[in-house]
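So you can see what is in the structure, the chains are spelled out below.
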Amino acid sequence: AQSVSQHNHHVILSEAASLELGCNYSYGGTVNLFWYVQYPGQHLQLLLKYFSGDPLVKGIKGFEAEFIKSKFSFNLRKPSVQWSDTAEYFCAVRRITGKLIFGQGTTLQVKP
Amino acid sequence: EAGVVQSPRYKIIEKKQPVAFWCNPISGHNTLYWYRQNLGQGPELLIRYENEEAVDDSQLPKDRFSAERLKGVDSTLKIQPAELGDSAVYLCASSSRGERGHTGELFFGEGSRLTVL
């Protein structure tokens, strides 16, 4: 069965620290990849997505993610986090004709 | 542009009682999804609609859950009777079909938090 694994369940960083959240998936075919974010008290919203082309994709608020096909990974990065980045982050994978499957999420807490 | 609207935001019921959730997707979005999110976990798909047709309901517990999307717009998700394990956030999302098929980007509502006592 297709699965999505997020390595870190809870991450605590100080402001200005660099962030990398890991995401691996198990499906070997063509996939679309996403990172969603859920800020406290708000709904899930798209951070960035990869469909094809340049494997390094840039999203909103300075986030970027790199698709490494050989490693079945789509890690999320940000060079310098802010307190306002405190949120829950979800990696999601979708086969071309399949449903969107989410990882279990990573809670990021940024200390001011 | 209005987002995905869900109601109620919160619902507390006793076990064995029925409950219903309502979703109004973004105008023009023909695909509608219901997800369930348990505490500390990612959303799990319950059912996906293409217009009025349920095209993926393999994860919907059909003995107690039902859903409908009349006229291909609003949708309701019902649980009858509710069990303690149904406590979760029920998320509705919608998406549009791009030139190559689905855009893949889902727009989520704020969710309906159900507590079953």
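Residues numbered from 1 in each chain as written. Chains lettered and ligands numbered in written order. Predicted model: local features only at pLDDT ≥ 70, side-chain atom pairs only at ≥ 80, totals over all residues. Heavy atoms only, no water.

A. How the structure looks around the state of the cysteines. Inspection of the entire model under this criterion finds 2 disulfides over all chains. Shown here is the disulfide that connects C23 of chain A with C91 of chain A, its sulfur atoms set 1.9 Å apart. Residues C23 of chain A and C91 of chain A share a disulfide whose torsion about the S-S bond is about -65°; that sign makes it left-handed. Of this pair, C23 of chain A sits in strand 4 (residues 23–25) while C91 of chain A sits in strand 10 (residues 87–95), and the two are 68 residues apart along the sequence. With a relative accessible area of 0%, C91 of chain A lands in the buried category. Paired through a disulfide, C23 of chain B and C92 of chain B show a sulfur-sulfur distance of 1.9 Å. (Disulfide = S-S within 2.5 Å. Helix = DSSP H or I, 4+ residues; strand = E, 2+ residues; numbered from the N terminus. Buried < 20%, exposed > 50% of the residue type's maximum accessible area, 1.4 Å probe, protein only.)

B. Representation of the pairing of strand 8 (residues 64–68) of chain A. Residues and elements named next belong to chain A. Alignment of strand 7 (residues 56–58) against strand 8, held across 3 bridges, turns out to be antiparallel. Residue L56 lies in a different strand from strand 8, and its bridge partner there is E66. Linkage of strand 7 to strand 8, two consecutive antiparallel strands, is achieved through a turn of 5 residues, within which K61 is found at a positive phi near 60°. Of the pairings in the sheet, the one linking strand 8 to strand 9 (residues 73–78) comprises 5 bridges and is antiparallel in character. Paired with E66 across the two strands is N75, which belongs to strand 9. Taking the residues between adjacent antiparallel strands as the criterion, strand 8 and strand 9 are bridged by 4 residues, where F72 takes a positive phi near 50°. (Pairing = 2+ DSSP bridges.)

C. Broad picture of the sheet that holds strand 7 (residues 65–68) of chain B. Residue and element names in this part refer to chain B. In spatial order, the strands read 1-3-8-7; together these 4 strands make up an open sheet with antiparallel pairing. Strands at the two margins of the open sheet, each flanked by one partner only, are strand 1 (5–7) and strand 7. Averaged over neighbouring strand pairs, the angle between their axes works out to 15° when direction is ignored. When strand 3 (residues 19–24) meets strand 8 (residues 75–79), the two strands line up antiparallel, connected through 5 bridges. Residue pairing for strand 8: W22 is matched across the bridge by T76. (Axes fitted to C-alpha atoms, helices over the stretch in contact; angles between N-to-C directions.)

D. Molecular detail of the environment of E66 of chain A. All names here are of chain A. Tracing the backbone through its elements, the reader meets E66 in strand 8. In the structure, E66 is positioned 10 residues away from L76 in sequence and 7.0 Å away in space, judged by C-alpha atoms. Once you skip the residues sitting within four places of it in the chain, E66 turns out to touch P55, L56, S73, F74, N75 and R77. In terms of polar contacts, E66 uses its side chain to reach the side chain of R77, at 3.2 Å. (Contact = heavy atoms within 4.5 Å. Polar contact = N/O pair within 3.5 Å; in protein donor to acceptor, adjacent residues only side chain to side chain.)

Remember that the coordinates give geometry; whether it matters functionally is a separate question.
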